[in-house]
Amino acid sequence: MKKLLLILTFTFTTVFANAQCTPDPQYSGGGIYPDTITGLSDAYVGQSYNQLITIITPPDTVVSGFPAIIDNIDLDFVTGLPPNFTYTCDPASCSFPGGSTKCAEVYSTIDPTVSDVGFYPITFECTAYATVPILGGTTLTFVSGGYAIEIVDNTTS
């Protein structure tokens, strides 16, 4: 019984530790960090990959010249990830409330191989939900590019 309890505790700890990330505290303005200028870090053949992404959703914005309160921004799809790469969000729904600082992680489920070497442009498709006091609720779907992961073979010289 004690062994079973130990195994269950270890399993739940591993699952929940993987499902949570901590936003990078060096960022404070609304946006996604690292930004597209800094970009995502390279991945290397034979090494696991993990990239923290900090998402700061502003509490409000302007829509068609009117002030709007951001209810949430949802990450709907990520396309272009290298083979055996995926992502997770905190919160798990990938719905980031207005005025919040949350995070996501892009990671490899299997270490990249030589056959994976290349440049992978990544696209994020999102839907923003906002309330404009005079007009009511509004949604906006947008596609964001400019990110990429390059898998590099550092095993040959």
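Our subject is the structure listed above.
Sequence order as written defines the numbering, with residues in each chain counted from 1. In keeping with the predicted nature of the model, local features appear solely for residues at pLDDT of at least 70, side-chain atom pairs appear and are counted solely at 80 or more, and the whole-chain, interface and lining totals rest on all residues. Note that water and hydrogens are dropped before the side-chain values are worked out from all heavy atoms of the structure.

Attention now goes to the pairing of strand E8 (residues 101–108). For two strands to count as paired, DSSP must find a minimum of two bridges between them. Labels follow the DSSP assignment, with helices taken as runs of H or I lasting at least four residues and strands as runs of E lasting at least two, numbered in each case from the N terminus. Pairing geometry for strand E3 (residues 50–56) and E8, over 7 bridges, is antiparallel. Within E8, the position partnered with Leu-52 by the bridge is Glu-105. Relative to E8, strand E6 (residues 85–90) runs antiparallel, the two being bridged by 6 bridges. Its bridge partner being in E8, Thr-86 is matched across the sheet by Tyr-107.

Another point: unusual backbone geometry. Negative phi is the rule for most residues except glycine; trans is the rule for most peptide bonds. With omega at 5 degrees, the peptide bond leading from Tyr-33 into Pro-34 counts as cis. Turning to its location among the elements, Pro-34 is positioned in the loop between strand E1 (31–33) and strand E2 (43–44). At the junction of Asp-90 and Pro-91, the peptide bond is cis and its omega measures out at 20 degrees in the coordinates. If you trace the backbone, Pro-91 turns up in the loop between E6 and strand E7 (95–97). In the Ramachandran plot, Ser-64 falls in the positive-phi region, its phi being about 50 degrees despite a non-glycine side chain. Of note in the backbone geometry, Asn-84 takes a positive phi value of approximately 65 degrees without being a glycine.

Cysteine sulfur pairs qualify as disulfides if the two atoms are within 2.5 Å. According to the stated counting rule, one finds 2 disulfides in the structure shown. The disulfide partner of Cys-21 is Cys-103, and the S-S distance across this bridge is 2.0 Å. Its S-S torsion of about 115 degrees marks the bond between Cys-21 and Cys-103 as right-handed, since a negative value means left-handed. One end of the pair, Cys-21, is in the loop between helix H1 (2–18) and E1; the other, Cys-103, is in strand E8, and 82 residues separate them in sequence. Neither Cys-21 nor Cys-103 differs from the other in exposure class; each is buried. The structure places no disulfide on Cys-126, whose sulfur is separated from the nearest cysteine sulfur, that of Cys-89, by 9.4 Å. Whether a residue is buried, partly exposed or exposed follows from its accessible area with a 1.4 Å probe, protein chains only, as a fraction of its type maximum: under 20%, in between, or over 50%, in that order. Taking relative accessible area as the criterion, Cys-126 reaches 9% and is therefore assigned buried.

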